[in-house]
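Single-letter residue listing:
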Amino acid sequence: MSKDWNTRTKLVHSGTRRSQYGEVSEAIYLTQGFVYDSAEQAAQRFEKLGEDEFIYARYGNPTVAMFEERIAALEGSEDAFATASGMAAVNGALTSMLKAGDHVVSARALFGSCLYILEDILTRYGVEVTFVDGTDLDAWRAAVRPDTKAVFLESMSNPTLEVIDLKSVAEIAHAQGALVVVDNVFSTPVFSRALSLGADVVVYSATKHIDGQGRVLGGVILGTKDFIRKTVEPYLKHTGGAMSPFTAWVLLKGMETLDLRVRAQADGALKVAQALSGDARLSRVIYPDLPDHPQHDIAKAQLERGGTVVAIEVKGGQAAAFKMLNALEIVTISNNLGDAKSIITHPATTTHQRLSEEQRLELGITPGLVRLSVGIEDADDLVADLRQALDAV
Ligand SMILES: *Cc1c(COP(=O)(O)O)cnc(C)c1O
């Protein structure tokens, strides 16, 4: 039934399971376990679990199941597995499918913790990882081999908003039989249909737009029923990265307004990007929906909108960037993104501090670069705030 619904209807109703009390708002089943009518019933559930049956919250929980069904309906995937955080989702998706001797190709521009999983953890267990410039299709072609098990990429990179040609990368990967795993946070579940572009597995940090109000950590892995139930579930249920029922409930409430919030944020981001581009105090304004973005055409073809983040480079390096951040009155200094509140980050000294200066420069993370996650405030107020902060530089 929910297959025929449009996005906003799915976000409010998909996956709802009502108890005998007929509650309007989804119930929080804050329980780790479930009782059985008889010893026989317990034995039966351990043997084969039915649709609406649960054993233990590390394996599944009704509130978490509602979240999984709703996000799967939005993404158009057969199934989903919820996790304790975005990183539990990235780790679960990759580690559950890989073994020693496998080869992985990954885009180089990654969220710091994703890079750690690929560069430090997987390699420690005998997986070979080749890093490429994600925007260079020839580099993908040269790196993907017959023994490549998976390719990994962030469809839009953090913080410089490079947009990867997912459709072409998927063709290259599939030609060699490799699975395509996409971290889709920056593209957002509202604007990207990664599965229809060729992704096999999509992961989200639900901490970002899906909560969107700075409350909880969460994550989700989306894919075929076969992959989620036979590969991901055994790994996660035995290693313990389960989502809490309370978190699932917060995220269900977040999903009701997800489409409205993210569209309002993208409207604001575009206005801010347009208002700031050409400002003499800035050397770069990066936003995929601006015509001068290096992958503007790919963004237009593969994403409905350019997302909720704008990257800007302040002339005068770190000192100028810090002065600007400190002078802001509405925009807060923090490191989350996708929130209803506008948030600004200086990547070189925070999220990407762990990298060497050389690695940072290779990724375009210069000392003057700041990442602005645009919230749902009035865009004119945000532009005025950013301009007065630049005056202070
Ligand atoms: C935040 C983020 C993550 C990690 O998510 P958590 O919920 O913080 O664990 C992974 N990938 C990207 C692109 C992110 O922005």
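Computed from a prediction, not measured in an experiment: that's the story for all the values here.

**Digging into the domain arrangement of the protein chain**
- The domain boundaries assigned to the protein chain delineate domain 1 (2-256) and domain 2 (258-392).
- Its C-alpha centre places domain 1 at a distance of 27 Å from the equivalent point of domain 2.
- Across the contact, 42 residues belong to domain 1 and 40 residues belong to domain 2.
- Summed over both sides, the interface of domain 1 with domain 2 buries roughly 3,300 Å², with 62% coming from carbon and sulfur.
- For the interface between domain 1 and domain 2, the tally reads 2 salt bridges.
- Residues Asp259 and Arg8 are paired through a salt bridge, measuring 2.8 Å at the closest nitrogen-oxygen approach.
- Linking domain 1 with domain 2 are 15 residue pairs in polar contact (both at pLDDT 80 or more).
- The set of elements that each furnish at least two residues to the side of domain 1 that touches domain 2 consists of α1 (7-13), α5 (112-124), α7 (166-175), α8 (188-191) and α10 (245-256).
- Its residues placed into classes, the side of domain 1 that touches domain 2 shows 20 nonpolar, 14 polar and 8 charged.

**Some words on α5**
- Over its 13 residues, α5 runs 17 Å from end to end, which matches the ideal 18 Å to within 8%, given 1.5 Å per residue.
- Approximately 25° is the largest bend angle found in α5, and it occurs at Leu118.
- The set of residues buried in α5 consists of Cys114, Leu115, Ile117, Leu118 and Leu122.
- Residues of α5 that are buried sit in contact with α4 (86-97), β2 (103-107), β3 (128-132), β4 (148-154) and β5 (179-183).
- One or two positions beyond α5, positive phi appears at Gly126, with a value near 85°.

Criteria and cut-off values
Residues numbered from 1 in each chain as written. Predicted model: local features only at pLDDT ≥ 70, side-chain atom pairs only at ≥ 80, totals over all residues. Heavy atoms only, no water. Domains from an automatic or database assignment. Contact = heavy atoms within 4.5 Å. Buried area = accessible area lost by both parts, 1.4 Å probe. Salt bridge = Lys/Arg side-chain N within 4 Å of Asp/Glu carboxyl O. Polar contact = N/O pair within 3.5 Å; in protein donor to acceptor, adjacent residues only side chain to side chain. Helix = DSSP H or I, 4+ residues; strand = E, 2+ residues; numbered from the N terminus. Nonpolar A, V, L, I, M, F, W, Y, C, P; charged D, E, K, R; others polar. Expected span 1.5 Å × (residues − 1). Bend = angle between axes of the 7 residues up to and from the residue. Buried < 20%, exposed > 50% of the residue type's maximum accessible area, 1.4 Å probe, protein only.

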